[in-house]
Amino acid sequence: EIEKIIKTAENNNVNLIYSSWMSLNNPSNYFCDSCRGFQYMLFFDGSIGGCFSAKQNRLFEKNFIIGNFEKNEIQWLENKNYLQSISTEKMPLCKNCEVKMICGGGCYAQHLMASGSILSPSPEYCERVKLMIVIGKKYKNYKSIQGGIK
């Protein structure tokens, strides 16, 4: 099914964007800049998060709000430093994975929702990503990936 989608997109000059595919050209040990606190969203209540998921529920607020904007000043929270420190090296399932530099460990919010931990992607997530990377390599003819699939 996914191969059919990719072929249809290519035939119609449509770019499919998925972070794991984008990392085929730029290997990285993290998934996105947003949850790592390098890109920010200012919410209506003055809180600052890296991703819209930060305001999805109380659990996400607790984990993904990285600061507050009040009286023209930003007060950064410890979450910012913690999120910036996360990489595949700190994720037990990812640490020795052959595709960690392509996948980057996945979305922290999705992991929190699925497993209860930012550091624990679900096995189903890993299977899907590995399949998409194999298919992506097949159709895009990537020749050299530093630290990725050999």
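Just above sits the structure.
Criteria and cut-off values
- Residues numbered from 1 in each chain as written.
- Predicted model: local features only at pLDDT ≥ 70, side-chain atom pairs only at ≥ 80, totals over all residues.
- Heavy atoms only, no water.
- Helix = DSSP H or I, 4+ residues; strand = E, 2+ residues; numbered from the N terminus.
- Buried < 20%, exposed > 50% of the residue type's maximum accessible area, 1.4 Å probe, protein only.
- Contact = heavy atoms within 4.5 Å.
- Pairing = 2+ DSSP bridges.
- Phe/Tyr/Trp six-rings, centres within 6.5 Å; stacked < 30°, edge-to-face > 60°.

1. With respect to the environment of Ile86
Line of reasoning, step 1. Tracing the chain through its elements places Ile86 in the loop between α4 (78–85) and α5 (100–103).
Line of reasoning, step 2. Relative accessible area serves as the criterion here: at 0%, Ile86 is assigned to the buried category.
Line of reasoning, step 3. Apart from the residues within four sequence positions on either side, Ile86 is in contact with Tyr30, Arg36, Met91, Tyr108, Ile118 and Leu119.

2. So, the pairing of strand β4 (residues 73–76)
Consecutive residues of a regular strand have side chains that alternate between opposite faces of the sheet.
Line of reasoning, step 1. The pairing of strand β3 (residues 65–70) with β4 spans four bridges and is antiparallel. Considered in β4, the bridge of Asn68 is made with Gln75.

3. Thoughts on the packing of aromatic side chains
Line of reasoning, step 1. Inspection of the entire model under this criterion finds two aromatic pairs.
Line of reasoning, step 2. For the pair Tyr40 and Trp76, a centre-to-centre distance of 5.0 Å together with 40° between the ring planes defines the contact as tilted. With Tyr40 in the loop between α2 (19–22) and β1 (41–42) and Trp76 in strand β4, the pair connects residues that are 36 residues apart, well separated along the chain.
Line of reasoning, step 3. With relative accessibility at 43%, the residue Tyr40 sits in the partly exposed group.

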